[in-house]
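# Inside the fold
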Amino acid sequence: MVLDNLGSSLRGSLDKLRGKSRIDEDDVQEIVKEIQRSLLSADVDVSLVMDLSDSIKTRALEEEPPGGTSARDHVLKIVYEELVSLIGESTEIPLESQTIMLAGLQGSGKTTTSAKMAWWFSKKGLRPAVIQTDTFRPGAYDQAKQMCERAEVDFYGDPDCDDPVQIAREGLEATEDADVHIVDTAGRHALEDDLIAEIEEIEGVVQPDLNLLVLDAAIGQGAKEQAQQFDESIGIGGVVITKLDGTAKGGGALTAVNETDSSIAFLGMGETVQDIERFEPNGFISRLLGMGDLKQLSERVERAMAETTAEDEDWDPEEMMKGSFTLKDMQKQMEAMNKMGPLDQVLDMIPGLGGGLKDQLPDDAMDVTKDRMRSFEIIMDSMTDEELENPRIIGASRVQRIAQGSGRDEETIQELLEQHRMMERTIKQFQGMGDGDMQRMMKKMQQQGGDMGGMGGMGPF
Ligand SMILES: Nc1nc2c(ncn2[C@@H]2O[C@H](COP(=O)(O)OP(=O)(O)OP(=O)(O)O)[C@@H](O)[C@H]2O)c(=O)[nH]1
């Protein structure tokens, strides 16, 4: 991901400032060099990098650290603020009726993004519809239709029509009950005149409130020209960066934002409809710097819990905090965890883990954890309701039966029961906690935030 190495390389330079009350020019020079190296290797435009490093240099040398702030925290705060201002505010997406058109080159992720955005709007309580006008790529219609079915949102397309303008017109009529119309357009290998002419014609019919340029995070400096041309023809109001779950650097997308004088609206983090995040500059930079993103994390937890409780009306997480913690509760918690998305993405959001501790985990740690969770799920599926509600009754003969039913060895079943007992003890401790204890615990978590020091005056950090 863009700036991916920035957190760890910066930490090294910042650690040298430990114990210092003043920062000299050499210190600042070293930090700025690290930032330049990271940004340039992430394909961020050179002039942008220079502007950013100049501001950091000037501010770090001229601004006095507020009382009680160490030199290290002061510089970190400046770096954080300047990065946030480079990336800019998130594109405004009002939660009301509107029409959004997606543009971009072939394979950038437009079709996927249209279904993901529709899913996102539906979770906000609106009724979205996707209109698929891509008549160029043969598979686009089926792909969009399937994804929209999965997202449970309205869809319009016409595989027998080869006129995108007609599809757009008919699509708007056919989906007039929807609040939000998301119009997907065709892509080409490169920006050709016929693509520009086509998209301008569709735009004339659709008259979108917002045009979003969809960019693959892997795009490098090519983003600049593309962004300019789309901006000149239809006007770009925001950018969606896709495939940020891969190894791509994404720096080109920052260049595009700067070039079109627009901002980032959404991030694509995977291939399924739920792998979309609204862009939040503060959280994004915090995560990149290894400071975690508590806001995104709590949103995901809330959503996953809400979905899990909606699926099983008999299960109430509130009860779990008040009464006994059963295996059924543990099973539901694991289901909710799975809904939060890939484990490594979730870990990135936890202060103290992203970029810091997580890097020190063995490479296979994540796979081992995933396999173990999967095994536990299979074992719990082989248990009776009575056993799930009252694990105490699981003796040797039941363990043997469950092992046979799940195809797992008895040792793994014992491990699961031990894990459950540990969680039960922890929950018991929570139950005795007052608000004050909770706040102390949160504070402790924040102090551990990414080994980045006290982070005084930086919002949640
Ligand atoms: N890993 C990952 N893959 C993605 C993401 N977004 C899209 N993809 C994949 O990228 C490929 C291209 O995505 P599409 O949505 O078909 O791209 P498009 O821009 O509509 O392509 P055209 O219709 O040919 O212009 C597909 O295989 C998607 O599954 C993402 O955020 N992460």
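Under an unreviewed UniProt entry, the name given to the protein is Signal recognition particle 54 kDa protein, and the source organism is Haloferax elongans ATCC BAA-1513. The protein has a UniProt comment under Sequence similarities (unreviewed entry) that states "Belongs to the GTP-binding SRP family. SRP54 subfamily." According to the UniProt record, the Subcellular location (unreviewed entry) comment for the protein is "Cytoplasm".

The number of helices and strands found in the protein is 21 helices and eight strands. Counting all 461 residues of the protein, 42% fall into the buried class.

Before going further, it helps to spend a moment on the site of the ligand. Around the ligand, the structure places 23 residues, and the nearest of them are Gly109, Thr111, Thr112, Gly187 and Gly268. Elements represented by at least two residues in the shell around the ligand include exactly α5 (110-123) and α6 (140-151). If one sorts the elements of the shell around the ligand by residue count, α5 sits on top with three residues. Per-class residue counts for the shell around the ligand are three nonpolar, 13 polar and seven charged.

Judged by pairing direction, the sheet is mixed, and its eight strands sit side by side in the order β3-β2-β4-β1-β5-β6-β7-β8 without closing on themselves. A single partner strand is all that each edge strand has here, and the edge strands are β3 (154-156) and β8 (276-278). Each adjacent strand pair in this sheet contributes to an overall mean axis angle of 20°, direction not counted. Sheet topology note: the strand β1 (residues 98-103)/strand β4 (residues 180-184) ladder contains five bridges and is parallel. Bridge pairing in β4 links Met101 to Val183.

As a further point, take the nonpolar core. Membership of the largest hydrophobic core comes to 82 residues, with the highest contact counts inside it found for Ala118, Val130, Leu213, Val239 and Ala253. Broken down by element, the residue count for this core peaks at seven residues, all from helix α4 (residues 71-87). A domain split of this core shows at least three residues from each of domain 1 (6-87) and domain 2 (98-279). With residues near it in sequence (within four places) discarded, Val239 still touches Leu212, Leu213, Leu215, Ala253, Ala256, Val257, Ser262, Ile264 and Ala265.

Moving on, we get to α4. The end-to-end C-alpha distance of α4, which contains 17 residues, comes to 25 Å, matching closely the 24 Å that a straight helix rising 1.5 Å per residue would cover. Among the 17 residues that make up α4, 12 are buried, leaving the element largely enclosed by the rest of the structure. Of all the positions in α4, only Arg72, Asp73, His74, Val75, Leu76, Lys77, Ile78, Val79, Tyr80, Glu82, Leu83 and Ile87 are classed as buried. Looking one or two places after α4, you find Gly88, whose phi comes out positive at around 80°.

What follows covers the environment of Glu280. For Glu280, the location among the structural elements is in the loop between β8 and α11 (281-288). Judged by local crowding, Glu280 falls into the partly exposed class, with 18 C-beta atoms found within 10 Å. Along the backbone, Glu280 and Leu267 are 13 residues apart, and their C-alpha atoms lie at a distance of 9.5 Å.

With their axes 10 Å apart at the nearest point, helix α3 (residues 46-62) and α4 run at an angle of 145° to one another. Handedness of the α3/α4 crossing: right-handed. Contacts between α3 and α4 involve Leu48, Leu52, Ser55, Ile56, Arg59 and Ala60 from the former and Val75, Ile78, Val79, Glu82 and Leu86 from the latter. Classifying every residue of the contact of α3 with α4 by side-chain character gives eight nonpolar, one polar and two charged.

The first and last C-alpha atoms of α3 sit 24 Å apart over 17 residues, in line with the 24 Å expected at 1.5 Å per residue. If you check which residues of α3 are buried, you get Val49, Leu52, Ile56 and Ala60. An end-on view of α3 places all buried positions within 70° of arc, on one side of the element. Relative to its buried face, α3 has exposed residues pointing more than 90 degrees away, namely Ser47, Met50, Asp54, Thr58, Leu61 and Glu62. Summarising the contacts, the buried residues of α3 are in contact with α2 (25-41) and α4.

Rules behind the numbers
- Residues numbered from 1 in each chain as written.
- Predicted model: local features only at pLDDT ≥ 70, side-chain atom pairs only at ≥ 80, totals over all residues.
- UniProt positions renumbered as here; feature names shortened; annotations may be inferred.
- Helix = DSSP H or I, 4+ residues; strand = E, 2+ residues; numbered from the N terminus.
- Buried ≥ 20, exposed ≤ 12 C-beta atoms within 10 Å, placed from the backbone.
- Near = placed C-beta within 6 Å.
- Nonpolar A, V, L, I, M, F, W, Y, C, P; charged D, E, K, R; others polar.
- Pairing = 2+ DSSP bridges.
- Axes fitted to C-alpha atoms, helices over the stretch in contact; angles between N-to-C directions.
- Core = buried A, V, L, I, M, F, W, Y, C linked by C-beta atoms within 7 Å.
- Domains from an automatic or database assignment.
- Contact = placed C-beta atoms within 7 Å.
- Expected span 1.5 Å × (residues − 1).
- Left-handed = near helix turned anticlockwise from the far one by under 90°.
- Arc of directions from axis to C-beta.

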